[in-house]
Amino acid sequence: MNRKKIIVTGGAGFIGSHTVVELFSAGFQPIILDNFSNSNPDVIHKINALLGSEVPFYNTDCTSTEAWDLVFEKEHDIFAIIHFAAFKWVGESVRNPLKYHKNNIGSMIALLQTMQKWNVSKLVFSSSCTVYGQPTQLPVSENDPDGFTPSPYGYTKQVCERILNDTVKSETKIQAATLRYFNPIGAHPSGLIGELPTGVPENLVPFITQTAIGKRKKLSVYGTNWNTPDGTCLRDYIHVCDLASAHVATLQHLEKDLSNTSKNEVFNLGMGRGISVKEIITAFEYVTQIKLPVNYTDRRPGDIEKIWADTTKATEVLNFKCKYSISDALKHAWEWEKQCASQL
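Residues numbered from 1 in each chain as written. Predicted model: local features only at pLDDT ≥ 70, side-chain atom pairs only at ≥ 80, totals over all residues. Heavy atoms only, no water.

Draft legend 1. Up close: the overall build of the protein. Counting its regular elements, the protein contains eleven helices and 13 strands. At 19 Å, the protein has a C-alpha radius of gyration in line with the 20 Å of a compact globule built from 344 residues. With respect to the principal axes defined by its C-alpha atoms, the protein has extents near 55 × 45 × 40 Å. Classification of the 344 residues of the protein by burial places 58% in the buried group. (Helix = DSSP H or I, 4+ residues; strand = E, 2+ residues; numbered from the N terminus. Rg over C-alpha atoms; globule rule 2.2 N^0.38 Å. Buried < 20%, exposed > 50% of the residue type's maximum accessible area, 1.4 Å probe, protein only.)

Here is the structure:
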């Protein structure tokens, strides 16, 4: 089987690892680039075990053009790059903004320079709904303007999108797709890969599962006086395997475009409805029959009050639809957490 080669930066991370699995299953040959600054080397072994095949891997700093060159000197005929590699925690970005600016923006610049040097024309960029800031109308569509992002993390995504758009409009022939994720949750149904945050989780679901398993004494909920039905933030959650499948659909969409026209298409990826923090907690407790100890505390700097996606474009252009429910995602996340605990 002649598989088209896809470089996946951050391929050992949460979304990246699941996308590697989906790519291979769809007939592509993923090539993982990761330096484990926000992931675990054991993930590579688990991916290989899941696929029954060894995926090429390079320990690479994606902010370095020299490191990129070392990869391309060994790997030829690259069809596309999927760019996940970035720091992603809102709270951490508020505490350490320079870390985020250096890594997230620097890796995008190095990546685009590498694409130009080695004549790679297709790119899928991992962006975020944080670029919308707090939207003035809901759901948000791809045509809505960027808003004020209260976190450095969100701002780096806005800057990276601007850099990509400026590059596409120049004399390059890059065909790109920017995927604005909402809130990925869950884990692979096999239990072999899932979300593995370093330190105290800043995302809701791993904090929930770590509290349920006993790693954390209490689950922290930041703010109960938001302007929402139950006072907690509203988010659009999507199963990570569905999100991974959307990357395959995006590549297949770019694969069909044989024109030589530069472009950057933007797609929202979510389930298309807002679910509150309290509703997620209640759903987890129902799925697992575990009562969580919850600490309601002050709002957290950088958080958005409410946001969910208009997913019409992804449905119509990519023919993408979610397969898994919120209950599925929470069940899979819990199975993954138990699997991690059993290996300690």
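Draft legend 2. Region of interest: the pattern of salt bridges. Overall, the coordinates contain 14 salt bridges when judged by the stated rule. Here D69 ties to K117 by a salt bridge, and the two come within 2.9 Å at their closest N and O atoms. With a gap of 48 residues between them, D69 in helix α3 (residues 65-72) and K117 in helix α5 (residues 97-117) connect regions that are remote in the sequence. Given a relative accessible area of 15%, D69 falls into the buried group. Classification of K117 as exposed rests on a relative accessible area of 54%. Across the salt bridge formed by R180 and D146, the nearest N and O atoms sit 3.8 Å from each other. Of this pair, R180 sits in strand β6 (residues 175-181) while D146 sits in the loop between β5 (122-128) and α6 (152-169), placing them 34 residues apart in sequence. Judged by relative accessible area, D146 falls into the partly exposed class, the value being 40%. (Salt bridge = Lys/Arg side-chain N within 4 Å of Asp/Glu carboxyl O.)

Draft legend 3. View of the nonpolar core. I6, L23, I47, L251 and L269 are the most contacted members of the largest nonpolar core, which has 41 residues in total. No other element matches helix α8 (residues 240-256), which puts eight residues into this core. Those residues in contact with L23, other than ones at most four positions away along the chain, are I6, V8, F28, P30, I82, V248 and L251. Residues I78, L111, L112 and M115 belong to the second largest nonpolar core, which totals 27 residues. (Core = buried A, V, L, I, M, F, W, Y, C linked by side-chain atoms within 4.5 Å. Contact = heavy atoms within 4.5 Å.)

Draft legend 4. The pairing of strand β4 (residues 78-83), seen in detail. Buried residues dominate β4, accounting for six of its six residues. As judged from the five bridges shared by strand β1 (residues 5-9) and β4, these two strands associate in the parallel manner. When the bridges of β4 are listed, I6 appears paired with A80. As paired elements, β4 and β5 share four bridges and run parallel to each other. Residue pairing for β5: H83 is matched across the bridge by F125. (Pairing = 2+ DSSP bridges.)

Draft legend 5. Expanded view of the packing of aromatic side chains. Taken as a whole, this structure holds five aromatic pairs when the rule is applied. Look at F87 and Y100: their rings are 5.7 Å apart centre to centre, the planes differ by 55 degrees, and that puts the pair in the tilted class. Here F87 is found in the loop between β4 and α4 (90-95), whereas its partner Y100 is found in helix α5, with 13 residues between them in sequence. Each member of the pair, F87 as well as Y100, is classed as buried. In textbook terms, an aromatic cluster arises when at least three aromatic residues are bridged by ring pairs, as seen for W68, F72 and W118. Positioned over the ring face of F24 is R3, at 4.0 Å from the centre of the ring. In this structure, K4 packs its charged tip against the face of F79, placed 4.5 Å from the ring centre. (Phe/Tyr/Trp six-rings, centres within 6.5 Å; stacked < 30°, edge-to-face > 60°. Lys NZ or Arg CZ within 6 Å of the ring centre and 35° of its normal.)

Draft legend 6. Quick peek at the pairing of β1. Buried residues dominate β1, accounting for four of its five residues. Examined bridge by bridge, β1 and strand β2 (residues 29-34) share five bridges and lie parallel to one another. Among the inter-strand pairings, I6 is bridged to a residue of β2, identified as P30. With respect to chirality, the unit in which β1 leads through helix α1 (residues 14-25) into the neighbouring parallel β2 is right-handed. (Right-handed = clockwise from strand over helix to strand, strands pointing away.)

Draft legend 7. Layout of the environment of R216. The residue R216 is located in the loop between α7 (204-213) and β8 (219-222) in this model. Sequence separation of R216 and I7 is 209 residues, and the distance between their C-alpha atoms is 36 Å. In this structure R216 touches G199, V200, P201, F207, Q210 and T211, once residues within four positions along its chain are discounted. A distance of 2.9 Å separates a polar atom in the side chain of R216 from a polar atom in the side chain of Q210. (Polar contact = N/O pair within 3.5 Å; in protein donor to acceptor, adjacent residues only side chain to side chain.)

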